[in-house]
Amino acid sequence: MNMKRLTTLFTLLCVGLSLFAQGKVTTRKHMFADFSDKITKVVMCGNEVLDGALRQEVVDIWTASPFEFCPMAEYESLKKSDKYYFLVITAGQAKGEEAPMVRFLTLEKGGADKGDNVALRTEVISLPLCPADGGDGRELVYLPALVKGVQEFALQAMESEKAAYSGMNWFNGNFDRKGGIKRIYLAREDVSESVSEKDVEKYLDEDIILCDEDEADKAYTDKTYNTLVSYTVSAGTWSYKMLLEADTDTLYYIRKHKVNAKNAPGFLAEDLKRISKKR
């Protein structure tokens, strides 16, 4: 092989390695590697009750990065800056919906496109909070687990490419590992109308307690040991189903399904089957 060919081969190899390296730096893990070093701006949405609850939970729980509280106007002025992360309540609109139907607790990294300065923020994780037109108060009960969940996911996304790309499914690993030894309070209001009595008898055991919503919420606020409690957020196209551990404020299970004539909102028979398989 002559010197010219060797030079060409070497050049191509260097270009390939350079492109490979450039590809690596665009991965989500690399993108979020600075999370703990940057200030997280906790955005107040303007709802006095929800803002007060979010402020308190962040003070009590958030340890992964420095944080500051800010009004929505400040968020709008800073969201194009990659110097900050933002913990903000967002409104999600699914395809075909005329308006946003679900509020999410979202962690995003600020940023702007270099070309035309259009906001180019990157979502780290979003967890369902309540319907967009307002919750019934249950979102305040389970807000600690959602704040903690966002923080835990962000820390894992810094360390693991698999976690960074898995999104909400990452939390289901908690149930896969430990769900079988937990007592579960399942609120009747969280169970889909599509679930038959036969399904309930088939999949529920003595440690899955079917109860009223108030009893489930009380089990959570009482920090009942080794207990998971159900919470659902359903509005518009999608229904989100969650199980959260009362004494540790840990999100163990989260699934969503598209609401249609066959599948009403809430825990479906397939959710009950999936849960029972781990027990």
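Our subject is the structure listed above.
Figured I'd write up the structure that's included with this text. (Residues numbered from 1 in each chain as written. Predicted model: local features only at pLDDT ≥ 70, side-chain atom pairs only at ≥ 80, totals over all residues. Heavy atoms only, no water.)

**Here we look at unusual backbone geometry**
Link 1 in the chain: Even without glycine at this site, Asn226 takes up a positive phi of about 55°.
Link 2 in the chain: Positionally, Asn226 belongs in the loop between helix H9 (213-221) and strand S8 (227-235).
Link 3 in the chain: The backbone of Asp249 sits at a positive phi, close to 50°, despite the residue not being glycine.
Link 4 in the chain: Note that Asp249 resides in the loop between strand S9 (238-245) and strand S10 (250-258). (Helix = DSSP H or I, 4+ residues; strand = E, 2+ residues; numbered from the N terminus.)

**Let's talk about the sheet that holds strand S4 (residues 102-109)**
Link 1 in the chain: Taken in spatial order, the 5 strands make up an open sheet running S2-S1-S3-S4-S5, and their pairing is mixed. Strand pairing shows two members of the sheet lacking a second neighbour, strand S2 (67-71) and strand S5 (122-131), which therefore form its edges. With direction set aside, neighbouring strand axes in the sheet form an average angle of 25°.
Link 2 in the chain: Bridge count for strand S3 (residues 84-92) against S4 is 8 bridges, and the pairing is antiparallel. Bridging across to S4, Phe86 finds its partner in Glu108.
Link 3 in the chain: Of the strands in this sheet, strand S1 (39-44), S2, S3, S4 and S5 touch helix H3 (residues 48-61), which is tilted by about 155° from S1.
Link 4 in the chain: In this fold helix H5 (residues 138-159) packs onto S3, S4 and S5, with an angle of close to 170° to the strand it touches most, S5. (Pairing = 2+ DSSP bridges. Axes fitted to C-alpha atoms, helices over the stretch in contact; angles between N-to-C directions. Contact = heavy atoms within 4.5 Å.)

**Some points on the side chain of Thr40**
Link 1 in the chain: With respect to the helices and strands, Thr40 occurs in strand S1.
Link 2 in the chain: Look at Thr40 and you get buried, because its relative accessible area is 0%.
Link 3 in the chain: Ignoring sequence-local partners within four residues, the contact set of Thr40 consists of Phe35, Trp62, Ser65, Pro66, Phe67, Glu68, Tyr85, Phe86, Leu87 and Leu107. (Buried < 20%, exposed > 50% of the residue type's maximum accessible area, 1.4 Å probe, protein only.)

**Some remarks on the pairing of S10**
Link 1 in the chain: Sheet analysis places S9 next to S10, joined by 8 bridges and oriented antiparallel. Across the sheet, Leu243 pairs through a bridge with Tyr253, a residue of S10.
Link 2 in the chain: The hairpin formed by S9 and S10 contains 4 residues between the paired strands, and Asp249 there has a positive phi angle of roughly 50°.

**Some points on helix H10 (residues 269-277)**
Link 1 in the chain: Buried residues of H10: Asp271, Leu272 and Ile275, and no others. For H10, the angular spread of buried residues about the axis comes to 100°, placing them on one side.
Link 2 in the chain: Residues of H10 that are buried make contact with helix H7 (172-178), strand S6 (183-187), helix H8 (197-203), strand S7 (208-211), S9 and S10. (Arc of directions from axis to C-beta.)

**Details of a positive patch on the surface**
Link 1 in the chain: Together, Lys198, Lys202, Lys273 and Lys277 line one region of the surface with positive charge.
Link 2 in the chain: Elements with a minimum of two residues in the positive patch: H8 and H10.
Link 3 in the chain: Here Lys277 lies in helix H10. (Patch = residues over 30% accessible without salt bridge, like charges linked within 9 Å, V, L, I, M, F, W, Y side chains within 5 Å. Areas by Shrake-Rupley, 256 points an atom, 1.4 Å probe, with all protein chains shown as cover. Salt bridge = Lys/Arg side-chain N within 4 Å of Asp/Glu carboxyl O. Lys, Arg positive; Asp, Glu negative; His and termini not counted. Charge placed at Lys NZ, Arg CZ, Asp CG, Glu CD.)

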